[in-house]
Amino acid sequence: MRREGSPFTGVGTVALKEAADHMTSARMHLIMLLVLLTAIGSVYGAIDRIRDTTAEDPHLFLKLFTVAREPLPSFAAFLGFLLPLVAIALGFDAINGEFNRRTLSRLLAQPIYRDAVLFGKFLGGLLVIAIALLTLWLMMVGLGIMFLGLPPSAADIVRGVAWLAVTLAYAGVWLALAIAFSTVVRSPATSALAALSVWLVLTVFWSMIAPLVAGIIAPIDPFDPMSIVNRFEWQQLIARFSPQTLYGEVTGLLLDPQARSVGPVFAHQLRGAVVGAPLPTTQSLLIVWPQIVSLVAAMLILFTLTYVVFQRQEVRA
Amino acid sequence: MSAVVLEAKGLAKRYGDAVAVAGIDLSVHEREVIGLLGPNGAGKTTTILMLLGLTEATEGSVTILGKDPLRQPLAVKREVGYLPDAVGFYDQMTGRENLAYTARLAGMSRELAKERIAAALARVRLTEAADKPVATYSRGMRQRLGIAELLMRDCKVAILDEPTSGLDPQSTQELLELILELSQGGMTILLSSHMLDVVQSICSRVALFNKGRIGFFGTVEELAERIGRGSFLIDVEADGIDLAQILQGENGITSVVDSGPGIWQVEAVSDVRPTLARRIVEAGGNLKNMNLRRARLDEAYNRYFREFANAA
């Protein structure tokens, strides 16, 4: 049975309304204040450290994002940790909030498809995150220029923008997860808790679980050196189920032109290589392309699952 | 007869083994006000959702304004307005902003929307509260805002689910007057309720729902004919007898209810006052008063549903 009319009727309206709601909500203000303060702190620390140590580094600008001074984490590590929180805060009551306010049935009685509601909610959240990220990024660049007195090179900008795009996809994964929970779970508090537990497991405990599971699947045989490599590869595979691992690998490659691989490197592979020579931007991108694709795929899969559940859901309160 | 705007044939909805709606037929003409009546859980809301295409029917078909709500949902929803049970609005937004949002969703231009919203708010007397957040609105005001939304969208058909539930008598009356105005303005209206006496004044026809079926569909007068007549209520006041005992086995008497010392309410299929008087006197009682009245429609209606419940 084919339906008539475009499923995208009203997507823009819903997305803009959602974005406007987020922009004015106290929840968003609080969490952005937290992000902003920590960001300023980590950049300040990084600038201080860059001045002290790596004054002759050719990619000084990218170091702004990755260099950390104890006890503060680097800006990139810090986004990897806090962005999921922002995304969950924006998405955890997307659908069940409408349901509890009893606005869902009225909304669905408007001349739009259900698709538009879900899609609009997702786009609205992503739009807000994109605006926040861009602002943060520009702020970092500005602070860097001000304090280091050094304009970024074109290559630095390209890498920085590519990294920004991947960061958005990473946030999108968490937003899709939060909206998925908001569709399946009827109570906003439960859905927020569920999303936060997944976040906690994947960002904090996953790095402990991965070696444990890898050790069980591929135990190390003391007489077979390859078994160590085998085990490491298993561990890496399991660790990559966490979007944070993927994001960390992309960050490492994109923001450090000297990095060459995300996996183990053997001595013979390094023969003839000029250690410390930077890779072209496209080569760095190629190395982490699978990670980037995985992030986007995770986002799409979560969104599709939500979509299927939402289409079949009863709207009556 | 005017054109048929809504037609349902053999509409049924099952959730696993549970039957919510067990095959109903409904045909609504232009400018009619139809009351869907029945106790909670009788299948009214499910029927409404199926009519709108918000829930897929297990069996049967619906045609609204010549369109199928499952195949052409956008075209149907553009012309059919729905006011859900206990309608919700975005609390932080003002009444006007809430309407502006639905106007944008309907694809209305900004100028047209502004004009129509102002007119609609004026008609439901919400102009003064229009720029306050909906969080400050009373229940009656929210319902009126819901009506304003239907007015603004200029729907041809409006489906209202329990529009008067939870309202005080004055707000109920105001809302019913508004609905009557909508109908006079050319809108076809379906409204559900579990209170017959509330909506009987504005409905041109009513459908009685019970256990997922329509037990009766017709005008209020026909309903009175069917379930109200044939039942005579006689209040009897007498001393020194037990009326229930005396009348045992008497033909034509349905029930005798003791409603106080020396007062009974007798229900019968015909006017049995002469028989009653003779019986009481023969038994040596003092007959003080006897008063015949016809059953009120809402009494008959309530009895109708009680009988259904007992029969099941």
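None of the values given here were measured: they were computed from a predicted structure.

### Description of the packing of aromatic side chains
All names here are of chain A.
- Scanning the entire structure with this criterion turns up 11 aromatic pairs over all chains.
- Judged by centre distance (6.0 Å) and plane angle (50 degrees), the ring pair of Phe 65 and Phe 75 falls under tilted. With Phe 65 in helix α3 (residues 60–66) and Phe 75 in helix α4 (residues 75–91), the pair connects residues that are 10 residues apart, well separated along the chain.
- Judged by its relative accessible area of 2%, Phe 65 falls in the buried class.

### With respect to the pattern of salt bridges
- Tallied over the full model, the rule gives 20 salt bridges over all chains.
- Salt-bridge contacts for Glu 249 of chain A lead to Arg 240 of chain A; the nearest nitrogen and oxygen are separated by 3.1 Å.
- Taking relative accessible area as the criterion, Arg 240 of chain A reaches 27% and is therefore assigned partly exposed.
- Between Arg 125 of chain B and Glu 174 of chain B there is a salt bridge; the shortest N-O distance is 3.9 Å. In this pair, Arg 125 of chain B sits in the loop between α4 (110–123) and α5 (139–153) while Glu 174 of chain B sits in helix α6 (residues 169–184), placing the two residues 49 residues apart along the sequence.
- Using a relative accessible area of 46% as the deciding quantity, one classes Arg 125 of chain B as partly exposed.
- Judged by relative accessible area, which is 23%, Glu 174 of chain B ranks as partly exposed.
- A single network of salt bridges, built from pairs that share partners, joins Glu 18, Glu 98 and Lys 121 of chain A.

### As for the interface of chain B and chain A
- With 32 residues of chain B at the contact, the number on the chain A side is 28 residues.
- Overall, the association of chain B and chain A removes approximately 2,800 Å² of surface from exposure, summing both partners, and the carbon and sulfur fraction of that is 58%.
- The largest share of the area that chain B buries against chain A comes from Leu 74, Tyr 90 and Leu 105 of chain B, three residues that together contribute 24% of it.
- In this structure, the connection of chain B to chain A is made through 2 salt bridges.
- Linking Glu 314 of chain A and Lys 13 of chain B is a salt bridge whose minimum nitrogen-to-oxygen distance equals 4.0 Å.
- At the boundary of chain B with chain A, the tally comes to 12 residue pairs in polar contact (both at pLDDT 80 or more).
- Counting residues per element, the ones that place at least two in the side of chain B that touches chain A are β1 (4–15), α1 (44–52), α2 (73–79), β5 (80–83), α3 (95–105) and α5 of chain B.
- Its residues assigned to classes, the side of chain B that touches chain A shows 17 nonpolar, 7 polar and 8 charged.

### What to know about the packing of helix α11 (residues 243–254) of chain A against helix α12 (residues 281–312) of chain A
Residue and element names in this part refer to chain A.
- Orientation of α11 relative to α12, taken along the N-to-C sense of each, is 160 degrees, at an axis distance of 9 Å. The orientation of α11 relative to α12 falls into the category roughly antiparallel. Handedness of the crossing formed by α11 with α12: left-handed. Packed against α11, whose contacting residues are Pro 243, Leu 246, Tyr 247, Glu 249, Val 250, Leu 253 and Leu 254, the element α12 presents Ser 284, Leu 285, Ile 287, Val 288, Gln 291, Ile 292, Ser 294 and Leu 295 at the interface.
- Residues that form the contact of α11 with α12 fall into these classes: 11 nonpolar, 3 polar and 1 charged.

### As for helix α1 (residues 11–24) of chain A
- Taking 1.5 Å per residue as the helical rise, α1 of chain A with its 14 residues ought to reach 20 Å, and the 20 Å between its terminal C-alpha atoms agrees with that figure.
- Looking only at α1 of chain A, the buried set comprises Val 11, Thr 13, Val 14, Ala 15, Lys 17, Glu 18, Ala 19 and His 22 of chain A.
- Where α1 of chain A is buried, its residues touch α2 (26–52), α4, α5 (94–100) and α7 (114–148) of chain A together with α3 of chain B.

### Here's the deal with the UniProt feature "transmembrane region" (unreviewed entry) in chain A
Residue and element names in this part refer to chain A.
- Taking the UniProt record as the reference, the feature "transmembrane region" (unreviewed entry) is found at residues 30–47, 75–95, 116–149, 161–181, 193–217 and 288–310.
- For residues 30–47, the end-to-end C-alpha separation is 26 Å, with 100% helix and 0% strand making up the annotated structure.
- Helix makes up 97% of residues 116–149 and strand 0%. Its end C-alpha atoms lie 47 Å apart.

### What about a nonpolar patch on the surface?
All names here are of chain A.
- Together, Ile 216, Ile 217, Trp 234, Leu 237 and Phe 241 make up an exposed nonpolar region whose accessible area comes to about 550 Å².
- Listed by contribution, the elements that provide at least two residues to the nonpolar patch are α9 (188–217) and α10 (226–239).
- Tracing the chain through its elements places Ile 217 in helix α9.

### Considering the confidence of the model for chain B
- The pLDDT averaged across chain B works out to 87; a share of 96% of its residues lies at or above 70.
- In the predicted complex, the global pTM is 0.86; the interface-specific ipTM is 0.85.

### A look at the sheet that holds strand β4 (residues 59–64) of chain B
Residue and element names in this part refer to chain B.
- Ordered in space as β2-β1-β4, the 3 strands form an open sheet in which the pairing is antiparallel. Here the strands that pair on one side only, and so sit at the sheet edges, are β2 (18–29) and β4. Within the sheet, the average angular offset between the axes of one strand and its neighbour, ignoring direction, is 15 degrees.
- Alignment of β1 against β4, held across 5 bridges, turns out to be antiparallel. Counted as the bridge partner of Ala 8 is Val 62 from β4.
- Packing of α1 onto the sheet brings it into contact with β1, β2 and β4, and relative to β1 it is tilted by some 120 degrees.

### Quick word on the pairing of β5 of chain B
Residue and element names in this part refer to chain B.
- Taking every second residue as pointing to the same face, both faces of β5 are buried, with Val 80 and Tyr 82 on one and Gly 81 and Leu 83 on the other.
- In this structure, β5 lies alongside strand β6 (residues 157–161), joined through 4 bridges in parallel fashion. Across the sheet, Leu 83 pairs through a bridge with Leu 160, a residue of β6.

### A few points about the confidence of the model for chain A
- Of all residues in chain A, 98% attain a pLDDT of 70 or more, and the chain-wide mean is 89.
- For chain A, per-element mean pLDDT is lowest for α3 of chain A, which scores 83, and highest for helix α8 (residues 154–184) of chain A, which scores 94.

### Some points on the packing of α1 of chain A against α7 of chain A
All names here are of chain A.
- One can describe the packing of α1 onto α7 by two numbers: an axis separation of 7 Å at closest approach and a directional angle of 45 degrees. The pairing of α1 with α7 is recorded here as oblique in orientation. The interaxial crossing formed by α1 with α7 has right-handed handedness. Each of Val 11, Val 14, Ala 15, Leu 16, Glu 18, Ala 19, His 22 and Met 23 in α1 lies in contact with α7, whose residues at this interface are Ala 116, Val 117, Phe 119, Gly 120, Lys 121, Leu 123, Gly 124, Gly 125, Leu 127, Val 128 and Ile 131.
- Counted by class, the contact of α1 with α7 contains 13 nonpolar, 4 polar and 2 charged residues.

### Focus on the pairing of strand β7 (residues 188–193) of chain B
Residues and elements named next belong to chain B.
- The buried count for β7 comes to 6 of 6 residues, which makes it a mostly enclosed element.
- Every second residue of β7 is oriented toward a common face, with Thr 188, Leu 190 and Ser 192 on one face and Ile 189, Leu 191 and Ser 193 on the other, all of them buried.
- By the bridge criterion, 5 bridges tie strand β3 (residues 33–37) to β7 in an arrangement that is parallel. By the bridge assignment, Leu 36 is partnered in β7 with Ser 192.
- In this sheet, β7 lies alongside β6 in parallel orientation, the contact comprising 5 bridges. The partner of Val 157 across the bridge, within β7, is Thr 188.

Reading guide: rules and limits
Residues numbered from 1 in each chain as written. Chains lettered and ligands numbered in written order. Predicted model: local features only at pLDDT ≥ 70, side-chain atom pairs only at ≥ 80, totals over all residues. Heavy atoms only, no water. Phe/Tyr/Trp six-rings, centres within 6.5 Å; stacked < 30°, edge-to-face > 60°. Helix = DSSP H or I, 4+ residues; strand = E, 2+ residues; numbered from the N terminus. Buried < 20%, exposed > 50% of the residue type's maximum accessible area, 1.4 Å probe, protein only. Salt bridge = Lys/Arg side-chain N within 4 Å of Asp/Glu carboxyl O. Contact = heavy atoms within 4.5 Å. Buried area = accessible area lost by both parts, 1.4 Å probe. Polar contact = N/O pair within 3.5 Å; in protein donor to acceptor, adjacent residues only side chain to side chain. Nonpolar A, V, L, I, M, F, W, Y, C, P; charged D, E, K, R; others polar. Axes fitted to C-alpha atoms, helices over the stretch in contact; angles between N-to-C directions. Parallel < 35°, antiparallel > 145°, perpendicular 65-115°, else oblique. Left-handed = near helix turned anticlockwise from the far one by under 90°. Expected span 1.5 Å × (residues − 1). UniProt positions renumbered as here; feature names shortened; annotations may be inferred. Patch = residues over 30% accessible without salt bridge, like charges linked within 9 Å, V, L, I, M, F, W, Y side chains within 5 Å. Areas by Shrake-Rupley, 256 points an atom, 1.4 Å probe, with all protein chains shown as cover. pLDDT = per-residue confidence, 0-100. Pairing = 2+ DSSP bridges.

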